[in-house]
Amino acid sequence: MSFLQALINGISLAAVYALLGMGFVIIYKSMQVLSFAQPALMLFGGWWVVYFATIVSLNFYVAVLIAVVIAASSGLIIERAFLRPMVGKPVFAVAIMTIGLDLSIRVFAGNFYDVSPRSTGDPWGLSTFNLGRLILGHRRLAAIVVAVAVLLALLAFFRYSRMGLAMRAAAFDQEVALIQGVSVSAVFAISWALASVLSTLASLFINLDLGSLGPASYTVALKALPVVVIGGLDSIGGTVVAALLVGFAEALTGTYQAHLTPYVGQNFSQVVPYLVMFVVLLVRPYGLFGTREVERV
Amino acid sequence: MRLRPGLVTDYRADAGIFKSVTQRVWFGILLVLAVYLGGGGAIGPIRLSADMETLLVYAMFASIGALGLNIVTGMAGQVSLGHAFFLGLGAYTAAVLGGIEQTRQVLDPATGQQVTEVVLRGFGLDMLIWLPAAGIIAALAGLIVAPVATRLRGLYLAFVTLGLVFLGEHIFREAKTLTGGAGNGRPTAETRMLGFRFDEDGEVFGLWMSKQQKLFFLGLILLVVMGLAAKNLFRSRVGRALAAIRDRDIAAEMMGIPLGRYKLIAFTISSFYAGIAGALFWAVVGRLTAEGFSFLLSIKYIAMILIGGVATVSGSIMGAFFIVFLPKVVEFLAGLPGLSHVISKDPAGMINTFQFEQILFGLFIVGFLILEPMGLYGIWIRVRNYWKGWPFSY
């Protein structure tokens, strides 16, 4: 029974990782940049949910809507101010710059919170479903529903909308897309806005049991990085698979490790994503579904 | 001919550690200045405050760590976000070998007698043993990690080394009898070499020196030795191979440079430097906690080499000094009348000094990358070139 319970917990965890991970992938696909700033953007976006839902005490869904708008516009601003001047610079320089951005935003956003985590003011609380002897929290269910809905919406967006087509074209070949009249800078901007919105949505579920959010949630969000790497940096489908893999691995270790291997210490499940990443990368250096780089000298 | 700057007449001169007479003279002047400042009241009339001397000591040990990161990231181009792990490994090795064992009496439930239980392991060994050991253990870890690095490239390598930091932090947190875990942590190694104590004031060759001054000279000697060693590495066969790998790894491989072996060398040497730096830095701090070796520490070292200058020895040192002295600058800013209510020393304030410092790190990384990718070293080169041709701009 505890095995099935762990599987269900794993799926909901995977939903959070998938939400965060898709942001990384969208940015990577559109501008070949890996953004380390995602966790910080999550703290920033999440704060506005906390602010409007608990301090201004608006309806929770309205608060989320406002937070999404703020997150999208801050994503646009960050892209325009910091990422645009780096176009054409080495991949590493940009990656390290996003670390710098992350550091600054994290301090800035973390400052809004107190030392102790705050409730996001969501309506799910601690209520649960009972499915036979399995227990499923409402928040966990909501995480799964939101992640699936967002994933489908994104796929539809890329498949059917004009902008989605432009984004796919830019991801395929930037220069050719430019020649065909695609505004690549608009693609960059949209992808940052999307990533920022996705991480804001993820912030609602970052603590799946209590629904709280605080500066320490950062380390949870950072675990989306190994997820993206496992899936392959440029594959949305890969990210979903990797999120499930890591979610299961983490939930199962959380359930069994304390009895089976107590010598590796408490909270070992927190480093499991990194271990899975090591193993996967040793076998497949570009992740499970990543495109192999073709190098010319 | 001899006095024309930038003119190289033979290969030996081009590959020299010091490329010109000017460099040699500057090195000498800096060395004399350092000895004069460090000697304090004993040698010259100028005496730095103890606080300032401690910061200088920190900066010198951090420079050794930055040199290490610059060998693997600057020289060989393998971005490593895992430097904190190697620093931590060195620091904990030193603490275990050079620290003092702590025990406590506990009641054994089986026999009902008092037995001694080891709370913290420590062997109380001499610095001559723990210092090289810290370097060697870290180097061994580097040796183990390196094969992964030969298989991975670019961003993927950065992630694996990032994962290393989290795994390391977990181990440091959980191996409690060795590391003391998180929170209170454990005391570090004693800086005592063949009976000579670096952690107490005392007489050295008839000169009265404070403990900071003794540590200062230890740091100076080590920094000069390790700095010259790094400089020598950069100009050697290995250094040229690493530079080739950095510039284009596939081309390097096609020219017959075995990638695996040279990446292995780079990681091992880099980790050795990190181990030495970690051991000494935290020996001066006096206390080790697992939280100290987080991702933030890796970023700090990345910031050092980015701000200082990638793939240069002098850049590593400048960057380390810059980062170590940054808190002092922030403290000064916090004291200014206009800024004192924005940046407060009170942790509950709007932005406290520590947070402001972190924001500055971030902004400096971003700023240097956009505006001056060569770092402080690049600024120095531009200033030098300006005056070299002055008053002509060409």
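These numbers come from a predicted model, not from an experiment. (Residues numbered from 1 in each chain as written. Chains lettered and ligands numbered in written order. Predicted model: local features only at pLDDT ≥ 70, side-chain atom pairs only at ≥ 80, totals over all residues.)

(A) Representation of the overall build of chain B. Helix and strand counts for chain B come out as 15 helices and 10 strands. Taken over C-alpha atoms, the radius of gyration comes to 23 Å for chain B, in line with the 21 Å a tight globule of 394 residues would show. For chain B, the C-alpha atoms occupy an extent of roughly 85 × 55 × 50 Å along the three principal directions. Out of the 394 residues in chain B, the part that is buried amounts to 45%. Across chain B, contacts joining residues at least 24 apart in sequence account for 74% of those joining residues at least 6 apart. (Helix = DSSP H or I, 4+ residues; strand = E, 2+ residues; numbered from the N terminus. Rg over C-alpha atoms; globule rule 2.2 N^0.38 Å. Buried ≥ 20, exposed ≤ 12 C-beta atoms within 10 Å, placed from the backbone. Contact = placed C-beta atoms within 7 Å.)

(B) Molecular detail of the overall build of chain A. Looking only at helices and strands, chain A has 12 helices and 4 strands in total. The globule rule puts the C-alpha radius of gyration for 297 residues at 19 Å, and the 19 Å found for chain A is close to it. With the C-alpha coordinates of chain A rotated into their principal frame, the extents come out at 60 × 50 × 35 Å. Buried residues in chain A amount to 49% of all 297 residues. Of all intrachain contacts in chain A linking residues separated by at least 6 positions in sequence, the fraction that spans at least 24 positions is 75%.

(C) Main features of the packing of helix H13 (residues 313–335) of chain B against helix H15 (residues 375–389) of chain B. Residues and elements named next belong to chain B. With their axes 8 Å apart at the nearest point, H13 and H15 run at an angle of 115° to one another. As far as their axial angle goes, H15 and H13 are roughly perpendicular. The handedness of the crossing between H13 and H15 is right-handed. Where H13 abuts H15, its residues Ser314, Gly315, Met318, Gly319 and Phe322 lie against Gly375, Leu376 and Tyr377. (Axes fitted to C-alpha atoms, helices over the stretch in contact; angles between N-to-C directions. Parallel < 35°, antiparallel > 145°, perpendicular 65-115°, else oblique. Left-handed = near helix turned anticlockwise from the far one by under 90°.)

(D) Region of interest: helix H10 (residues 224–231) of chain A. Here H10(A) lies mainly inside the structure; 8 of its 8 residues are buried. Residues A:Ala224, A:Leu225, A:Pro226, A:Val227, A:Val228, A:Val229, A:Ile230 and A:Gly231 constitute the buried set of H10(A). Where the residues of H10(A) are buried, they touch helix H1 (2–31), helix H2 (38–55), helix H9 (217–222), helix H11 (236–260) and helix H12 (272–283) of chain A together with helix H6 (154–174) of chain B.

(E) Structural context of unusual backbone geometry. Notably, A:Ser57 is not glycine yet its phi reads approximately 50°, a positive angle. Note that A:Ser57 resides in the loop between H2 and helix H3 (60–83). Its 10 C-beta neighbours within 10 Å are what place A:Ser57 among the exposed residues. Residue B:Ala311 is not a glycine yet carries a positive backbone phi of 65°. For B:Ala311, the position within the fold is in the loop between helix H12 (295–308) and H13.

(F) Highlighting the interface of chain A and chain B. Taken together, the contact pairs 33 residues of chain A with 35 residues of chain B. Elements that contribute at least two residues to the side of chain A that touches chain B include exactly helix H4 (91–110), H10 and H12 of chain A. Looking at the side of chain A that touches chain B element by element, the count peaks at 13 residues for H4(A). Class assignment for the residues of the side of chain A that touches chain B results in 27 nonpolar, 5 polar and 1 charged. (Nonpolar A, V, L, I, M, F, W, Y, C, P; charged D, E, K, R; others polar.)

(G) Up close: the domain arrangement of chain B. All names here are of chain B. By the assigned domains, chain B splits into domain 1 (48–292) and domain 2 (294–394). A separation of 23 Å is found between the C-alpha centroids of domain 1 and domain 2. Counting residues at the interface gives 26 residues for domain 1, matched by 20 residues for domain 2. Counting residues per element, the side of domain 1 that touches domain 2 draws most heavily on helix H3 (residues 50–75), which supplies 13 residues. Among the residues making up the side of domain 1 that touches domain 2, the classes are represented as 14 nonpolar, 9 polar and 3 charged. (Domains from an automatic or database assignment.)

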